[in-house]
Protein chains: 2
Amino acid sequence: MSPLPESEESVMYDRLVLPDLRVMIAEDDAQGLAEFCEVLHPAGTAEILEELQDDEIWKVLSRCPMPAQVEIFEFLSLQRRIELVSLISRKDLTRLIEEMSPDDRVDLLNRMDEEQVESLLPLIAQAERSDIRKLLSYPEHSAGSIMTTEYASLPEDITVSDAIERLRRQAPDRETIYYVYILGEGRRLDGFISLRDLILARPKAQLADIMRRDVISVHVEDDQEIVAQELAKYDFLAIPVIDSQNQLVGIVTHDDVLDVVREEADEDVYLMAGVAPLEDSYLDTPALTLAWKRGMWLLFLSCVSLMTAEVLNHYSGISDRHMWMILFLPMVLASGGNSGAQSATLIIRSLAVGDSSRVHALQLTRRELGVGGMLGLMLALIGLSAAMFWFRRTFSEAAVVGATMFLVVVMGTVSGALLPLFFRRLGMDPALMSNPLVAAVVDIMGVVTYYTVAIIFLGS
Amino acid sequence: MSPLPESEESVMYDRLVLPDLRVMIAEDDAQGLAEFCEVLHPAGTAEILEELQDDEIWKVLSRCPMPAQVEIFEFLSLQRRIELVSLISRKDLTRLIEEMSPDDRVDLLNRMDEEQVESLLPLIAQAERSDIRKLLSYPEHSAGSIMTTEYASLPEDITVSDAIERLRRQAPDRETIYYVYILGEGRRLDGFISLRDLILARPKAQLADIMRRDVISVHVEDDQEIVAQELAKYDFLAIPVIDSQNQLVGIVTHDDVLDVVREEADEDVYLMAGVAPLEDSYLDTPALTLAWKRGMWLLFLSCVSLMTAEVLNHYSGISDRHMWMILFLPMVLASGGNSGAQSATLIIRSLAVGDSSRVHALQLTRRELGVGGMLGLMLALIGLSAAMFWFRRTFSEAAVVGATMFLVVVMGTVSGALLPLFFRRLGMDPALMSNPLVAAVVDIMGVVTYYTVAIIFLGS
């Protein structure tokens, strides 16, 4: 990623608007605030509001006419929305939640505390309430948890012109009307048709004749990552979500998938570096939470490092006799760790983008052995010549460094490639703190190799 | 990311279809192949074809009726498309390229070799040719390089019903008709209107009265990451791309942005681990290329490690007297490297998702000092007690380990957080091999700290 002038700009723009806005808030200028809510795209307005205090934000939102109020609220960071919830009167909150789109609404409720939710639900209109209970029931990160129930649907036995007429009526409270799902009895998903096709079709044509029957859908309990992969594969605007009776229960739209892809990428990257995934953005996460989400891994890793110490202890005889060996220890271990982290990263990403079915342990090992061999040779040469000509070691001593570099890089590469597969086999997340863990494991192997090679080349 | 049953399934499905397909290819069953091309969604068909040899793939595609042939071809991996290009007769290739959507077409041509492209262009229809030359001229990763020129546009002085009528005529060769751009003279971007709004509006209404004039757009030379951030921010289906005269030159659609987000995530992750970004997926990249893209970083990093060796050499006096110190060296260095990598990762991701404007070096340092301090204390305790009770060192010796752990973790955390900002300041990519580099830098700092603390606590 590269510097982002654009976002800087938009921030500068915010700075220009803020003073006026603050004045309007101070004077509680009802009309001015109402206008402010509607002059920009809700996302833009939300971005500006993020610069304010929670109470100021609500002072503005409370003056917003209804569609705008919800739209802006939905574009605020989840963090902010949760903070605001505690400020808003239950009456306002109920109204807000009723108007929110089902998926955003559930995201929010999922993060509020049980009692608060339970105390709210009774106030919410029956229809919304049952919808909420249903969506809340789906496991986190499942298709059900990110879908919306506001999809456009039609029966198949009507004409194109009727269809467009009905869509016109459905449109206002549907997340998208660009894909329309054709339902048989019991909301069975029989097919779909795009608004584009409707526009192109003869007005008198029957939907049954022009609808597409090979609907690609996901199951309500599929992982959100599968939803993302399917939608991305077909370049869909939205993908239908069905239950085990093949009934349509919702749709996941492209914008939510975009968020999923980012979220999953973050999660992978964090796990790779040994950070437990954060619920909020880094900047919104309290230092103590950060320390905990990082500390638990560091704790584990330092215990592994103590093994390395133990192993080193075991070889103290040799290290006492060949004290020069300590000089190259960090280089040896780093080379193994770095090449291992590279392999792990490559594998994890190719698993993440869905190549998993093409990734086979054996083929990988062969491949990584090849790459590792080349890298090992290169680093071995560097180690050898550095030891001889820079640090003036004898050839046989330098050979110890070179040979170890080669072996460690090969071992690092292969184990780095296999560790994620191993985790996946265990049903764990392949990205799980791969990089530091690979490094830690390679440290131990590295020490053993280093001293074993020394014994072989220099005699014990 | 988690195991992916779905994709396994779809692969099993491929396995079922493949034998029949291979028979049809062997018999060159024109009708059978033609039907095969149209029975599935092109993305699904492409996925099945990926299992075949290049020549087999073309045997199938060459039998596909025209819209299908291009659609399937566009869903094949870029790697495959490039391999196929060399198999296809120039006549077929010309036809294919003429029919492709402008953005996919340019992706392909960008990866073909100069002469091949130059020899093809004359054969391509004038209209397409100038469009291609134009798109080819935009820098890689710019909005211009990922946009398509097939957008729907209308003048503002017509009624809604006329608009829908015209869209009906434009639709077949437009990437999306769901957003329609309103152009003044000289293709000046004056506003836009969604098909949804058109459907909802009174048929007699004038576009001028219902169009939205606050169009959010990106500049043709903006980085693709800015395009992705803007589209994601506003949940758009597509975002218009304008040149410096505010003329509409193209649009970037949601599906292309999804690819960008994945591509950029990969790039970040690779760079973080010290792998130069790959042009193809890991599995499609030749081992030699991999070795090179990884080797150059390892080379650099091992040179840094030699500095560490040099520094260790400088302290050989102390290490000779306190040979036990070597035992904890790997743990000390690993702790610094790991905590540094964690910080670097957190910062890089928060820059990647566009928080950059909120990230300030000073505030970060304070924050990371806090987190680092907590982590350092924890690890210091482990180091201290392990040294005393496990490895039976004296208290003052154990104190050396503990104090060093604390200092190294704090230094690692802070430098890990600042390195990406430093790279960004230099106009480089903040993710640039952050993790291994932080580790390497921290190695040097770690050794110096370790032995300095030893001198202080144990006397030289």
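Up top is the structure.
Since this is a predicted model, take the numbers as computed values, not measurements.

Comments concerning the interface of chain A and chain B
By convention, interface size is frequently given as the accessible area that disappears when the constituent parts associate.
For step 1, the next point in the chain: With 140 residues of chain A at the contact, the number on the chain B side is 140 residues.
For step 2, the next point in the chain: Counting across the chain A and chain B interface gives four salt bridges.
For step 3, the next point in the chain: Linking Lys233 of chain B and Glu47 of chain A is a salt bridge whose minimum nitrogen-to-oxygen distance equals 3.1 Å.
For step 4, the next point in the chain: Between the two partners, chain A and chain B, sit 22 residue pairs in polar contact (both at pLDDT 80 or more).
For step 5, the next point in the chain: Broken down by element, the side of chain A that touches chain B gets its largest block of residues, 21 residues, from helix α19 (residues 325-352) of chain A.
For step 6, the next point in the chain: For the side of chain A that touches chain B, the residue count by class is 79 nonpolar, 29 polar and 32 charged.

Some words on the relation of the copies chain A and chain B
For step 1, the next point in the chain: Note on the identical chains: chain A maps onto chain B by a rotation of 180 degrees and an axial translation of 0.0 Å, with an RMSD of 0.0 Å. The transformation just described matches what one would write down for a two-fold rotation axis.
For step 2, the next point in the chain: Looking at chain A, 100% of its interface residues are interface residues in chain B too, so the copies touch through the same face.

What to know about the packing of aromatic side chains
Geometrically, a pair of aromatic rings is defined through the distance of the ring centres and the angle of the planes.
For step 1, the next point in the chain: Scanning all chains against the criterion turns up 23 aromatic pairs over all chains.
For step 2, the next point in the chain: Centroid distance Tyr179 of chain B to Phe236 of chain B: 6.2 Å. Interplanar angle 90 degrees. Geometry classified as edge-to-face. With Tyr179 of chain B in strand β2 (residues 176-183) and Phe236 of chain B in the loop between α15 (224-234) and β5 (238-242), this residue pair connects regions lying 57 residues apart in the sequence.
For step 3, the next point in the chain: For the pair Trp324 of chain B and Phe328 of chain B, a centre-to-centre distance of 6.3 Å together with 65 degrees between the ring planes defines the contact as edge-to-face.
For step 4, the next point in the chain: Exposure remark for Trp324 of chain B: the relative accessible area of 8% places this residue in the buried category.
For step 5, the next point in the chain: One aromatic cluster in this structure is built from Tyr179, Tyr181, Phe192, Tyr234 and Phe236 of chain A.

Observations regarding the environment of Thr94 of chain B
All names here are of chain B.
For step 1, the next point in the chain: Counting through the fold element by element, Thr94 comes out in helix α7 (residues 90-99).
For step 2, the next point in the chain: Spatially, the C-alpha atom of Thr94 lies 14 Å from that of Asp104, the residues being 10 residues apart in sequence.
For step 3, the next point in the chain: Apart from the residues within four sequence positions on either side, Thr94 is in contact with Leu120, Leu123 and Ile124.

Observations regarding the sheet that holds strand β5 (residues 238-242) of chain A
Residue and element names in this part refer to chain A.
For step 1, the next point in the chain: The sheet built from three strands is open, its strands ordered β4-β5-β6 with mixed pairing. A strand with exactly one partner marks an edge of an open sheet, and here the two such strands are β4 (218-219) and β6 (248-253).
For step 2, the next point in the chain: Both β4 and β5 contribute to a ladder of two bridges, which runs parallel. Bridging from a neighbouring strand, His219 pairs with Ile242 of β5.

A look at the sheet that holds strand β1 (residues 151-154) of chain A
Residues and elements named next belong to chain A.
For step 1, the next point in the chain: On the basis of which strands lie adjacent, the open sheet formed by three strands has the order β1-β2-β3 and mixed pairing. With one partner strand each, in any of the chains shown, β1 and β3 (189-194) form the two edges of the open sheet. Each adjacent strand pair in this sheet contributes to an overall mean axis angle of 35 degrees, direction not counted.
For step 2, the next point in the chain: Taken strand by strand, helix α12 (residues 160-170) contacts β1 and β2 (176-183), and its axis lies near 150 degrees from that of β1.

Description of a nonpolar patch on the surface
For step 1, the next point in the chain: Residues Phe422, Leu426 and Met428 of chain A make up a contiguous nonpolar surface patch of about 280 Å² in total accessible area.
For step 2, the next point in the chain: Structurally, the position occupied by Phe422 of chain A is in helix α21 (residues 395-425).

Description of the pairing of β5 of chain A
Residue and element names in this part refer to chain A.
For step 1, the next point in the chain: A large share of β5 lies buried, amounting to five of its five residues.
For step 2, the next point in the chain: Of the two faces of β5, both are covered, the one formed by Ala238, Pro240 and Ile242 as well as the one formed by Ile239 and Val241.
For step 3, the next point in the chain: Two elements, β5 and β6, share five bridges in a ladder whose sense is antiparallel. Paired with Ile242 across the bridge in β6 is Leu248.
For step 4, the next point in the chain: The turn linking β5 back onto β6 is made up of five residues, and Asn246 within it adopts a positive phi angle of 60 degrees.

Overview of the nonpolar core
For step 1, the next point in the chain: Among the nonpolar cores identified, the biggest contains 129 residues, and Phe328, Tyr450 and Tyr451 of chain A together with Phe328, Tyr450 and Tyr451 of chain B are the most heavily contacted of them.
For step 2, the next point in the chain: Core analysis: the next-biggest nonpolar cluster, separate from the first, contains 111 residues, Phe236 of chain A together with Tyr181, Ile193 and Ile239 of chain B among them.

What counts and what doesn't
- Residues numbered from 1 in each chain as written.
- Chains lettered and ligands numbered in written order.
- Predicted model: local features only at pLDDT ≥ 70, side-chain atom pairs only at ≥ 80, totals over all residues.
- Heavy atoms only, no water.
- Contact = heavy atoms within 4.5 Å.
- Salt bridge = Lys/Arg side-chain N within 4 Å of Asp/Glu carboxyl O.
- Polar contact = N/O pair within 3.5 Å; in protein donor to acceptor, adjacent residues only side chain to side chain.
- Helix = DSSP H or I, 4+ residues; strand = E, 2+ residues; numbered from the N terminus.
- Nonpolar A, V, L, I, M, F, W, Y, C, P; charged D, E, K, R; others polar.
- Least-squares fit on C-alpha atoms with pLDDT ≥ 70 in both.
- Phe/Tyr/Trp six-rings, centres within 6.5 Å; stacked < 30°, edge-to-face > 60°.
- Buried < 20%, exposed > 50% of the residue type's maximum accessible area, 1.4 Å probe, protein only.
- Pairing = 2+ DSSP bridges.
- Axes fitted to C-alpha atoms, helices over the stretch in contact; angles between N-to-C directions.
- Patch = residues over 30% accessible without salt bridge, like charges linked within 9 Å, V, L, I, M, F, W, Y side chains within 5 Å.
- Areas by Shrake-Rupley, 256 points an atom, 1.4 Å probe, with all protein chains shown as cover.
- Core = buried A, V, L, I, M, F, W, Y, C linked by side-chain atoms within 4.5 Å.

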